[in-house]
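The residues making up each chain are set out below.
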Amino acid sequence: MVDTKFEYSTDRLDKTQIGEAVNDMMQTAKNKRWSFERRWYDNNFFDDGFHFRYLSRTQNKIVDLSQASTIWAPIRAIPKASRQIRGVANLISSRNFTPVVYPEKVSTSQFPSSPGPDGKMMPNPEYRQALDEAKRIAKASGHWIQEEHKQQELIEKLALMIILTAKHGVSYIQVWPDAIDEKLKTMVLDAFDVYLIGNVNNIEDSPFLIKAKPRLISEIKADERFDQDELLKLNPDNRNASSDIKEAYEKSRFGGMPSADQAATVIEKEAFIKEYLNDDNMGRIRLQEDGGEILKRHKKGDMVIRQVFAVGNITAKDTYLNLPGYPIVDLRFEPGPMYQVPLIERFIPQNKSLDLVVSRVERWLHTMVVGSWSVKSGESQEPTNTPGGQVFKYNTTPPVQNSVASLPPFVFSFMGLLEKFTEEQGVMTSALAQIPKGVKANAAIESLKESEFANLSIAMERTKGVVKRISEKMLDYADDHFVKPQTVYYLEKGEPQYFDVIGASAMQKRKDLKIDEDQPLDAIPLKRDYRVDIEVQSGMAFTREGQKQSAKELGDYLVQISQMGLVSPEVIKTYFGRLLEIYQFGPNSEIMEAMDNFEGAGQMTDQQIEAIKVAVGEVMQDMQKAGILPTSEQRIEEGKVATAQAIKDTGLKDKPEEAKPQENKPPSESISFKDMPPSGKAQMAAKVGIQISEQEIQAKEEEQQNMERAKLSLQAQKGDRSANNQR
């Protein structure tokens, strides 16, 4: 046996020795968690409905007290605890976990400002373009993660993890890439399947992590990653699980494994071991295909993950991963050690007491419904049951029925007390649909559910962290393993959207090799460096009626501020589409398309606006021909006269060449040019060098008067039409 302690590294062990070291580490972790496995075993049976079945420590066998149950003396199992943990699972998984990717930082130093025409520094327009591109890439990456969650059925797997965590205190999910299909895969694991040091507070603090599950030998031999020569020595063990206690549970529930050669299995151990780069393991890393990438991102002393596949006593594969941590994510409801008290164990004592009370009440019912009889010694004691009733045969003294005792009221009070203790540890409204008397409005129900969510805030935050770590590991694998563009499909506002994604490392290699030089690749790069966050959306309320009411109130408020001009009508239209989704109206793409094409009363099309412009232009030309409006030549003459008046008022024409001392002059009187008679205007224009006759000025004044009269006439007609419309 190889001497490997937890405080020593495995960097000096070669492929032939590392498999035995994995078996030693797995056995050590199994011995440390032996007491927890027994509790997990009992919790599994309790959740299955076997409340009186347990693993006897003294007899070392499974004992089931409910086997002595009869129809007259029943032993009932009330599934209170099972309903509570599923209520918690429903409540947590009902939240929408939406991944959000932050845009990459764009520095202003990369896009320096440049001087403008007036000499002032102007911002570089390329800086804004770079910001928009970073936002576009981040948004598309978030859509890819969201669609990947749907393909992996992550919500369903999260629900399974929550139920397993409630029974065992911890559960796991593994994320790994399929190098052939370039797709990601996920698998949920229970506490029996993963071996680690259980007293650490973080899974990343464990020096190793081993997943051990049965796998078909035919699948193992078909796996191209494994050494086929070593697999020739493989022999099946046909075990249900690597843990002896889980093996006993599986056999009790599902029977033994089949012995057919086509279904032969063996326990496959996939170990992830922490090592630190030194001269011993750097040589093995260089021999790998991606060894250069691993050494490029790590230096001496950095931690690397060593992956070992051990099947039986055979080392099928020994390689190093280019990952920052373990590819397995754990879920626990509370912080602390990896192995902790499961949630279901907080319900089991009250549930067992309730089981016993209900069983005794049912026995009393079976006894008191038939009743008890007093029979004289020597008389026949067996009645004859007929459809008409019971018939007693006696010789001298007939049987006498005893008085029926009523069930004491405190029994039901005690049962209610047990239920109250159970509900204090779990959820009432969500799990049991119990609403206090007098609570009818959706607002009151919302407040009750809000309190239940508050009691599970720690568990919800930890579930949110699990989704975040899963998303980060998806980006880790996509960066290295997505070497070909893949198309992503999603719906946005009822319209299908498409874009391509590719690993950032693969895109950089394509650029270095100038593969896409003729036609640039339009794909979103997926990087492991992206910062991912998870937004939790409850949909404004917890109940469907509450969501409808909240959505309607918000819609009314948006309409009010839209009428004030604070938001555009486009916001109202977008919100209306979301409102239809909340009311579960169905696909609303046709309705939104009809709204885009809608032209209601008071709205005009572009063709109508152009026709009005043409009509107004023609009317103005007709008015100019009739002398109501001035022509362009007359406008020019008006400008000349106005210029002359400005020159006269400022005294620019009569300005002396040399400054002369001011003389005391008597006060002068001035008159405006427009107030002069036509003869005075002609004389004033002549003084500044403008030749215009008195008749021309008089004709111009008449035209202006005609225009004023036409304008007043149009306003009067418009007022009459408005009055008629109001009638």
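What you are looking at is a predicted structure, and each value in this text was computed from that prediction instead of being measured.

## Focus: the overall build of the protein chain
Counting its secondary structure elements, the protein chain contains 23 helices and 21 strands. Of all 727 residues assigned to the protein chain, the portion counted as buried reaches 39%. Summed over all atoms, the accessible surface of the protein chain reaches about 44,100 Å², with 52% contributed by carbon and sulfur.

## What about the pattern of salt bridges?
Side chains that carry opposite charge are capable of pairing whenever their charged atoms lie near each other. For the structure on display, the rule yields 35 salt bridges. The closest approach of N and O atoms between Arg 86 and Asp 47, which form a salt bridge, is 2.8 Å. Of this pair, Arg 86 sits in helix 3 (residues 80-93) while Asp 47 is found in helix 2 (residues 34-47), placing the two residues 39 residues apart along the sequence. On the basis of relative accessible area, Arg 86 is assigned to the partly exposed category, the value being 30%. In this structure Asp 47 comes out as buried when scored by relative accessible area, which is 10%. Its salt-bridge partner being Arg 332, residue Asp 330 comes within 2.9 Å of it at the nearest N-O pair. For Arg 332, a relative accessible area of 4% translates into the label buried. Within the structure, one salt-bridge network assembled from shared partners comprises Arg 215, Glu 219, Asp 223, Arg 225 and Glu 268.

## Remarks on a nonpolar patch on the surface
Together, Phe 414, Leu 417 and Phe 421 make up an exposed nonpolar region whose accessible area comes to about 240 Å². Its location among the elements puts Phe 421 in helix 12 (residues 409-425). By relative accessible area, which is 35% here, Phe 421 ends up partly exposed.

## Description of the sheet that holds strand 11 (residues 303-311)
Within the open sheet, the 5 strands sit side by side as 8-9-10-11-12. Their pairing is antiparallel. In this open sheet, the two edge strands, each paired with only one partner strand, are strand 8 (194-195) and strand 12 (314-321). With 7 bridges connecting them, strand 11 and strand 12 associate as antiparallel partners. The residue bridging Gln 307 from the neighbouring strand is Thr 319, located in strand 12.

## What to know about the environment of Pro 496
Assignment of secondary structure puts Pro 496 in strand 19 (residues 495-503). For Pro 496, a relative accessible area of 40% gives the class partly exposed. With residues up to four places along the chain from it excluded, the contact list for Pro 496 reads Tyr 490 and Leu 491.

## Things to note about helix 1 (residues 15-32)
Compared with an ideal rise of 1.5 Å per residue, which puts 18 residues at 26 Å, helix 1 spans 27 Å between its outermost C-alpha atoms and is within 8% of the ideal. Restricting attention to buried positions, one finds in helix 1 the residues Ile 18, Gly 19, Ala 21, Val 22, Asp 24, Met 25, Met 26, Ala 29 and Lys 30. Elements in contact with the buried residues of helix 1: helix 2, strand 8, strand 9 (208-216), strand 10 (265-276), strand 11 and strand 12.

## A few points about the sheet that holds strand 19
Read across the open sheet, the 3 strands follow the order 18-19-20; overall the sheet is mixed. The sheet is open, and its two edges are formed by strand 18 (486-492) and strand 20 (524-526), each paired on a single side. On average, adjacent strands in this sheet sit at an angle of 40 degrees to one another, irrespective of strand direction. Taken together, the 3 bridges between strand 19 and strand 20 define a ladder with parallel strand orientation.

## Topic: the nonpolar core
If you look at the biggest cluster of nonpolar residues, it comprises 94 residues, and the most contacted ones within it are Trp 144 and Tyr 172. Looking at this core, the element that brings in the most residues is helix 15 (residues 457-481), giving 9 residues. Of all hydrophobic cores here, the second largest spans 11 residues; its members include Ile 217, Leu 231, Val 311 and Ile 314.

## Concerning helix 4 (residues 125-151)
An α-helical segment advances 3.6 residues per turn. Residues three or four places apart therefore align on the same side. With 27 residues, helix 4 extends 39 Å from end C-alpha to end C-alpha; this agrees with the ideal 39 Å at 1.5 Å per step. Positive backbone phi, at 55 degrees, marks Glu 153, one or two positions downstream of helix 4.

Definitions and limits used
- Just so you know, the residues in each chain are numbered from 1, in the order the chain's sequence is written.
- The predicted origin of the model limits local features to residues at a pLDDT of at least 70 and limits the giving and counting of side-chain atom pairs to 80 or more, whereas totals for whole chains, interfaces and linings rest on all residues.
- No hydrogens and no water enter the side-chain calculation; it runs on all heavy atoms of the structure.
- Per the convention used, a helix needs a DSSP run of H or I reaching at least four residues, while a strand needs a run of E reaching at least two, with both numbered from the N terminus.
- Each residue is placed in one exposure class: buried if its accessible area under a 1.4 Å probe, protein chains only, is under 20% of its type's maximum, exposed if it is over 50%, and partly exposed if it falls in between.
- Values of accessible area rely on a 1.4 Å probe in the Shrake-Rupley scheme; residue burial ignores everything except the protein chains shown.
- Definition used for salt bridges: Asp or Glu carboxyl oxygen within 4 Å of a side-chain nitrogen of Lys or Arg.
- In this scheme, patches are assembled from residues that exceed 30% relative accessible area and form no salt bridge. Like charges are connected within 9 Å, while nonpolar side chains (Val, Leu, Ile, Met, Phe, Trp, Tyr) are connected within 5 Å.
- When DSSP locates at least two bridges between a pair of strands, those strands are taken to pair.
- Residue contacts are defined here by distance: any two heavy atoms, one from each residue, within 4.5 Å place the two residues in contact.
- Multiplying 1.5 Å by the residue count of a helix minus one yields the expected span of that helix.
- Geometry is summarised by axes, namely lines fitted to C-alpha atoms with helices restricted to the contacting stretch, and by angles between N-to-C directions that run from 0 to 180 degrees.
- Each nonpolar core is a collection of buried residues, namely Ala, Val, Leu, Ile, Met, Phe, Trp, Tyr and Cys, held together in the definition by side-chain atoms within 4.5 Å.

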